[in-house]
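For reference, the chains in residue letters:
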Amino acid sequence: MPREDLPSLLLLPFPPDPSSRPLLNAAYRPSITAALSRLKRPNSASKLIVAVECPILHGQFLRSKTLSWTEAQALVAGIYTIISVVSARLSIGTEIDGGPNSVDATVVLIDHNRNKRFTEDFRPAIETNNTPVIDLATFASAYHPWNYIFHVRSELGLQLYQTYLKLAEGRQTLLQEQLVPVEGGITMNAAPSVQGNSPRPTPTQTPGVPVVCLGGTFDYLHPGHKLLLTAAALLLKVPRKDDPNMQPCTYIIGITGDELLKNKKYAEFVQSWETRARNVILFLSRILELSERGWKDTQQPRRVEEKDGDFRAWFRDGTILVHCVRIQDPFGPTITVENVDALVVSGETRSGGKAVNDKRAEQGWKTLVVFEVDVLDAEDVLEEREGTKTEDNFSAKISSSAIRQQRALANPGTKI
């Protein structure tokens, strides 16, 4: 694969505490802006992995890790919001296969404590736990090679960069021009405690579940979709691959059928169900698939079955099943598959979660635990200029219809 076709990496050090949208913007926006500016190409698309160092997992043992879903998805939402705002300001497309002047960015949370030290004889390898989140050694072992590696010019940024390079040694021969320092922002942390030096209490932990479900159209898969798909994946309880009775955790994704989209705005530019389903699986492969061979195995999922309106892909040695199904009504598989544990919704589909549970209760089934993902809202990260806010030419609502409109204007009379 030509080097320019490879993804690039942006290493972001420990986030501010608390990780509010304004504080994330102050800390990360300069670095994200520099990386996106460098990757914008007039004749082709680029890909970027944004790896964020954060000690997100709790628990002493490898197979009993927990995380705070609320905090994790909020961090992912904040970073995708910055990516969206900066991309709009720089006229960069954000969707998968966006073509020239687009950067397809993926946010990956890396469980890593900045005080952790590795011995000289440590040999990094892929080591998974009971969550989809991986540590820095596993990331270095599975994510490679790179076009560029962007690292932040700060004490914490340099520490993360040097640790990563040590763990990734031997995976790729890097030229000096591929190692690009970028400016960091201002990282502010609140005092550990208003009553003394005790650490901040561990946030409420969210137990993983075997079966997670969500639904959507996923047309021109953009940062809003990426947040939703990532947030739902974080709820999965991943089984041991060496368990003789292992059943994969299942991630059911209902994708709206073509027939229901005929009245959408610019409907002639709506992608086919098959394209939308493949893009969902392709995106999830970036956060779920792991291979020592790096992109040679993870550019496309290794095990996929495609039938009419029913696509399945297996990741991490068969321990995670992603099941995309065509839906023709507002409920989809939530009222046809009894064995579902959790439903993930956005603010726009909150009422749908209640309707699903009402329907399941009518059928005598257990109701689902409903998780609501944060929205990507530019208002949280807009710059202040002379006392007034500027929207950087960015609509607070990120939508596929806006992308379809752009396609329609650029290709009049053409159907996708």
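Predicted model, so just to flag it, every value in this text is computed and none were measured.

## Structural notes on the pattern of salt bridges
- This structure, assessed with the given rule, holds 17 salt bridges.
- Here Asp308 ties to Arg326 by a salt bridge, and the two come within 3.0 Å at their closest N and O atoms. Residue Asp308 is found in the loop between β9 (303-307) and β10 (310-315), and its partner Arg326 is found in strand β11 (residues 320-327); the two are separated by 18 residues along the sequence.
- Among the residues examined, Asp308 registers a relative accessible area of 66% and is labelled exposed.
- When salt bridges with common partners are traced through the structure, they connect Asp104, Lys226 and Arg286 into a single cluster.

## Description of the side chain of Ser291
- When you line up the elements, Ser291 lands in the loop between α6 (273-288) and α7 (295-298).
- Among the polar contacts made by the side chain of Ser291, one reaches the main-chain amide nitrogen of Arg293 at a distance of 3.1 Å.

## A look at the pairing of strand β6 (residues 179-183)
- Bridge analysis of strand β5 (residues 149-153) against β6 gives 5 bridges, and the strand direction is parallel. Paired with Phe150 across the strands is Val180, a residue of β6.
- Crossover β5 to β6 through helix α4 (residues 155-167) is right-handed.

What counts and what doesn't
- Sequence order as written defines the numbering, with residues in each chain counted from 1.
- Note on the predicted model: pLDDT of at least 70 is required for a residue's local features to be given, and 80 or more for side-chain atom pairs to be given and counted; whole-chain, interface and lining totals, by contrast, use all residues.
- Here the side-chain values reflect all heavy atoms present in the structure, with hydrogen atoms and water set aside.
- By definition, a salt bridge exists where a carboxyl oxygen of Asp or Glu is found within 4 Å of a side-chain nitrogen of Lys or Arg.
- Secondary structure elements are taken from DSSP: a helix is a run of H or I of four residues or more, a strand is a run of E of two residues or more, and numbering for both begins at the N terminus.
- Each residue is assigned to one of three classes by its accessible area relative to the maximum for its type, calculated with a 1.4 Å probe on protein chains only: buried under 20%, partly exposed between the two thresholds, exposed over 50%.
- What qualifies as a polar contact is a pair of N or O atoms within 3.5 Å, subject to a donor-acceptor requirement within protein and to the restriction that residues adjacent in sequence count only when both atoms come from side chains.
- If DSSP finds at least two bridges between two strands, the strands pair.
- A right-handed crossover is one whose linking path, passing over the helix from the first strand to the second, runs clockwise when the strands point away from the viewer.

Everything listed here is a matter of coordinates, which is why it stays silent on function.
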